[in-house]
Amino acid sequence: MKNLVFLTGAGMSAESGISTFRDSGGLWEQYPVEAVASIQGYERDPELVQKFYNERRQQLSSVVPNEGHKLVASLEDQFNVTVVTQNVDDLHERAGSHNIIHLHGELMKATSSRNPNDPNCIITLPEDNPIIRMGDKAKDGSQLRPFIVWFGESVPMIEPAIEKVSKADILVVIGTSLNVYPAAGLLNYTNEHCKIYLIDPKDVPYNPNLGIRHIMKGASEGMKELVELLKTT
Ligand code: OAD
């Protein structure tokens, strides 16, 4: 089976009702990114940051995977599929995808403030009450914090993602503005025979030398077109 890798961003979940970050009306227009998505912001005002992610988590229980997520999962019948996602939601999981690399963490998980990547400290929050309170402790005794990779922190999952992208026969990029590194740099690790598709209703700045085929549609409609195109690949 051919290796098919998806690189997804906020646009993948937009049709499920989760706001993107940089579109007009996006999350970073409502909340200053430095305040709620940087390690300095957390150190300055942990209560505000906990509140922000508690709200995001509660919102997650009211949304469902869209057709695009489902079509990504359905391709596991024909391809060796890996989903590399910048999204912290769990909609790829809920749509049935099995091999998912979360580059920027997972909203439904919490971890240690002292050592966020210590596997012994990472826990899944209960679905019926996915709240972190100040005073809740991780296994190492430090304050529990969201398991999110903030600006200013390392991205440990980039290594397995590079490995997968470098072996991809087909790479499909969906709904990311390709503004945030190292995720955006993954396109540069494709090998010379890899076919690259991009699904996004807007123009996205990418290296024209990569020979990318841009399907200028939203995630669900774009995935329908991609499924047809892959039948002739
Ligand atoms: P952005 O908000 O930067 O980009 C969203 C992209 O989705 C844009 O290119 C839109 O045109 C596109 N889009 C909008 N609606 C769409 C739809 N229905 N179908 C397909 N595409 C659509 O989001 P990301 O690139 O994912 O990190 O942002 C990357 C990272 O920046 C995030 O993971 C987050 C943020 O800061 C952290 O919080 C650590």
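Fair warning: this is a prediction, and the values are worked out from it, not measured in the lab. (Residues numbered from 1 in each chain as written. Predicted model: local features only at pLDDT ≥ 70, side-chain atom pairs only at ≥ 80, totals over all residues. Heavy atoms only, no water.)

What's the story with the layout of surface pockets in this structure? I'm lost.
The gaps of empty space that remain are located by a probe, the size of a water molecule, rolled over the atoms. The calculated volume of the second largest pocket comes to roughly 250 Å³. Considering the residues around the second largest pocket, the lining is formed by 18 residues, among which Gly 105, Asn 117, Phe 147, Pro 156 and Met 157 are closest to the centre. For the lining of the second largest pocket, the secondary structure elements donating two or more residues are strand S3 (100-102), strand S4 (105-112) and strand S6 (144-148). Taken together, the residues of the lining of the second largest pocket sort by class into 10 nonpolar, 4 polar and 4 charged. Built from parts of two domains, the lining of the second largest pocket gets at least three residues from each of domain 1 (1-18 + 66-104 + 154-233) and domain 2 (19-62 + 113-148). (1 Å grid on protein atoms, 1.4 Å probe; cavity = no way out; pocket = protein on both sides within 12 Å on 5 of 7 lines; lining within 4 Å. Points joined across faces, edges and corners; volume = space filled by probe spheres on them. Helix = DSSP H or I, 4+ residues; strand = E, 2+ residues; numbered from the N terminus. Nonpolar A, V, L, I, M, F, W, Y, C, P; charged D, E, K, R; others polar. Domains from an automatic or database assignment.)

Help me out: how do you make sense of the domain arrangement of the chain in this one?
A common measure of how large an interface is: the accessible area buried when the components associate. Taken domain by domain, the chain holds domain 1 (1-18 + 66-104 + 154-233) and domain 2 (19-62 + 113-148). Computed from C-alpha coordinates alone, the two centres of domain 1 and domain 2 are separated by 25 Å. Carbon and sulfur atoms supply 57% of the area that domain 1 and domain 2 bury against each other, a total of about 940 Å² over both sides. The interface formed by domain 1 and domain 2 holds 1 salt bridge in total. Linking Asp 23 and Lys 202 is a salt bridge whose minimum nitrogen-to-oxygen distance equals 2.7 Å. Counting across the domain 1 and domain 2 interface gives 2 residue pairs in polar contact (both at pLDDT 80 or more). (Buried area = accessible area lost by both parts, 1.4 Å probe. Salt bridge = Lys/Arg side-chain N within 4 Å of Asp/Glu carboxyl O. Polar contact = N/O pair within 3.5 Å; in protein donor to acceptor, adjacent residues only side chain to side chain.)

So what exactly am I meant to see when it comes to the sheet that holds S4 here?
Across a sheet, strands are paired by hydrogen bonds formed along the backbone, either parallel or antiparallel in direction. As summarised here, the arrangement of the 3 strands in space is S5-S4-S6, forming an open sheet in which the pairing is antiparallel. The outermost strands of the open sheet, each flanked by one partner alone, are strand S5 (123-124) and S6. (Pairing = 2+ DSSP bridges.)

Help me understand the packing of helix H6 (residues 67-74) against helix H9 (residues 219-231) in this model?
The packing of two helices is summarised by the inter-axis angle and the distance between the axes. Contact geometry of H6 with H9 gives a least axis separation of 7 Å together with a crossing angle of 30 degrees. Judged on the interaxial angle alone, H9 and H6 are roughly parallel. Where H6 abuts H9, its residues Glu 67, Gly 68, Leu 71 and Val 72 lie against Ala 219, Ser 220, Met 223, Lys 224 and Val 227. Looking at the contact of H6 with H9 residue by residue, the classes come out as 5 nonpolar, 2 polar and 2 charged. (Axes fitted to C-alpha atoms, helices over the stretch in contact; angles between N-to-C directions. Parallel < 35°, antiparallel > 145°, perpendicular 65-115°, else oblique. Contact = heavy atoms within 4.5 Å.)

For this particular structure, what's the right way to read H6?
Side chains of residues three or four places apart in an α-helix project in the same direction, reflecting 3.6 residues per turn. Three or more residues of H6 are buried, namely Gly 68, His 69, Leu 71, Val 72 and Ala 73. Taken together, the buried residues of H6 touch strand S1 (3-8), helix H1 (10-14), strand S2 (80-85), helix H7 (91-95), strand S7 (170-174) and H9. In this structure Asn 66 caps H6, since a side-chain oxygen of it lies 2.7 Å from the backbone nitrogen of Gly 68. (Buried < 20%, exposed > 50% of the residue type's maximum accessible area, 1.4 Å probe, protein only.)

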